[in-house]
Amino acid sequence: MLAQTPTPPYYAVIFSSILSDETAGYAEMSELMVNLASQQAGYLGHESARNEVGITVSYWKDLESIKIWKQNLDHLEAQTLGKLKWYQCYKTRICRVERDYGFEI
């Protein structure tokens with residue numbers, strides 16, 4: 001299901017990653033992060049897919065909401081574990097969504 005975002009502008013955080021060979025605990029932490037993010041003020045939804053490259057796009061009301069989420073203690077722990085264990089590499093991009101449109105049956 002696609003995230004139901006409001007009329008722009010809003011922000012998107014695009015997190016692209018390649019996993020390392022050590023993934024024990026990754027799925028559980030990923031699920032926890034989704035649950036915690038969804039409870040944060042300013043969170044609007046997310047979409048995620050994983051094959052060789054994993055891409056998660058989370059949507060936020062404003063830059064301040066993104067900043068507060070980045071500083072969440074549980075999220076900081078997940079970031080540390082990701083760097084130490086789970087990720088071979090990752091990239092985070094923050095974008096302002098100026099326009100969106102789509103199609104739905």
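Residues numbered from 1 in each chain as written. Predicted model: local features only at pLDDT ≥ 70, side-chain atom pairs only at ≥ 80, totals over all residues. Heavy atoms only, no water.

Caption draft 1: Up close: the layout of surface pockets. Quantified by volume, the largest pocket comes out at close to 810 Å³. Surrounding the largest pocket, 32 residues form its lining, Phe15, Met33, Trp69, His75 and Tyr87 being those nearest its centre. Going through the elements one at a time, strand 1 (10-19), helix 1 (26-37), strand 2 (43-50), strand 3 (54-60), helix 2 (63-70), helix 3 (73-86) and strand 4 (87-97) are the ones with two or more residues in the lining of the largest pocket. Considered class by class, the residues forming the lining of the largest pocket number 18 nonpolar, 11 polar and three charged. Of the pockets and cavities examined, the second largest pocket occupies roughly 370 Å³. Taken together, 14 residues form the lining of the second largest pocket, with Leu2, Ala3, Gln4, Tyr101 and Gly102 sitting closest to its centre. Among the residues making up the lining of the second largest pocket, the classes are represented as eight nonpolar, three polar and three charged. (1 Å grid on protein atoms, 1.4 Å probe; cavity = no way out; pocket = protein on both sides within 12 Å on 5 of 7 lines; lining within 4 Å. Points joined across faces, edges and corners; volume = space filled by probe spheres on them. Helix = DSSP H or I, 4+ residues; strand = E, 2+ residues; numbered from the N terminus. Nonpolar A, V, L, I, M, F, W, Y, C, P; charged D, E, K, R; others polar.)

Caption draft 2: Quick look at the sheet that holds strand 4. Strands sit in the order 2-3-1-4 across an open sheet of four strands; the sheet is antiparallel. Since the sheet does not close on itself, it has two edges, and those belong to strand 2 and strand 4, each with one partner. In this sheet, neighbouring strand axes are inclined to one another by 15 degrees on average, regardless of whether the strands run parallel or antiparallel. Where strand 2 and strand 3 come together, seven bridges link them in antiparallel fashion. Each bridged residue has a counterpart across the sheet, and for tyrosine 43 the counterpart in strand 3 is tryptophan 60. Packed onto the sheet, helix 1 meets strand 1, strand 2, strand 3 and strand 4 and runs at close to 160 degrees relative to strand 2. Sheet strands touched by helix 3: strand 1 and strand 4. Its angle to strand 4, the strand with the most contacts, is close to 140 degrees. (Pairing = 2+ DSSP bridges. Axes fitted to C-alpha atoms, helices over the stretch in contact; angles between N-to-C directions. Contact = heavy atoms within 4.5 Å.)

Caption draft 3: View of the pairing of strand 3. Strand 3 sits mainly inside the fold: five of its seven residues count as buried. In this sheet, strand 3 lies alongside strand 1 in antiparallel orientation, the contact comprising seven bridges. Note that in strand 3 the partner of isoleucine 14 across the bridge is valine 57. Linkage of strand 2 to strand 3, two consecutive antiparallel strands, is achieved through a turn of three residues. (Buried < 20%, exposed > 50% of the residue type's maximum accessible area, 1.4 Å probe, protein only.)

Caption draft 4: Region of the structure containing the environment of isoleucine 66. Along the chain, isoleucine 66 falls in helix 2. Separated by 24 residues in the primary sequence, isoleucine 66 and glycine 42 have C-alpha atoms spaced 7.9 Å apart. Filtering out sequence-adjacent residues up to four positions away, isoleucine 66 remains in contact with Tyr11, Val13, Trp60 and Ile94.

Caption draft 5: Main features of helix 1. The terminal C-alpha atoms of helix 1, which comprises 12 residues, lie 16 Å apart, in line with the 16 Å expected from a rise of 1.5 Å per residue. Those residues of helix 1 that sit buried are Tyr26, Met29, Met33, Leu36 and Ala37. Buried residues along helix 1 cover an arc of 95 degrees about the axis, so they all sit on one side. Every exposed residue of helix 1 that faces more than 90 degrees away from the buried side is listed here: Ala27, Glu28 and Glu31. (Expected span 1.5 Å × (residues − 1). Arc of directions from axis to C-beta.)

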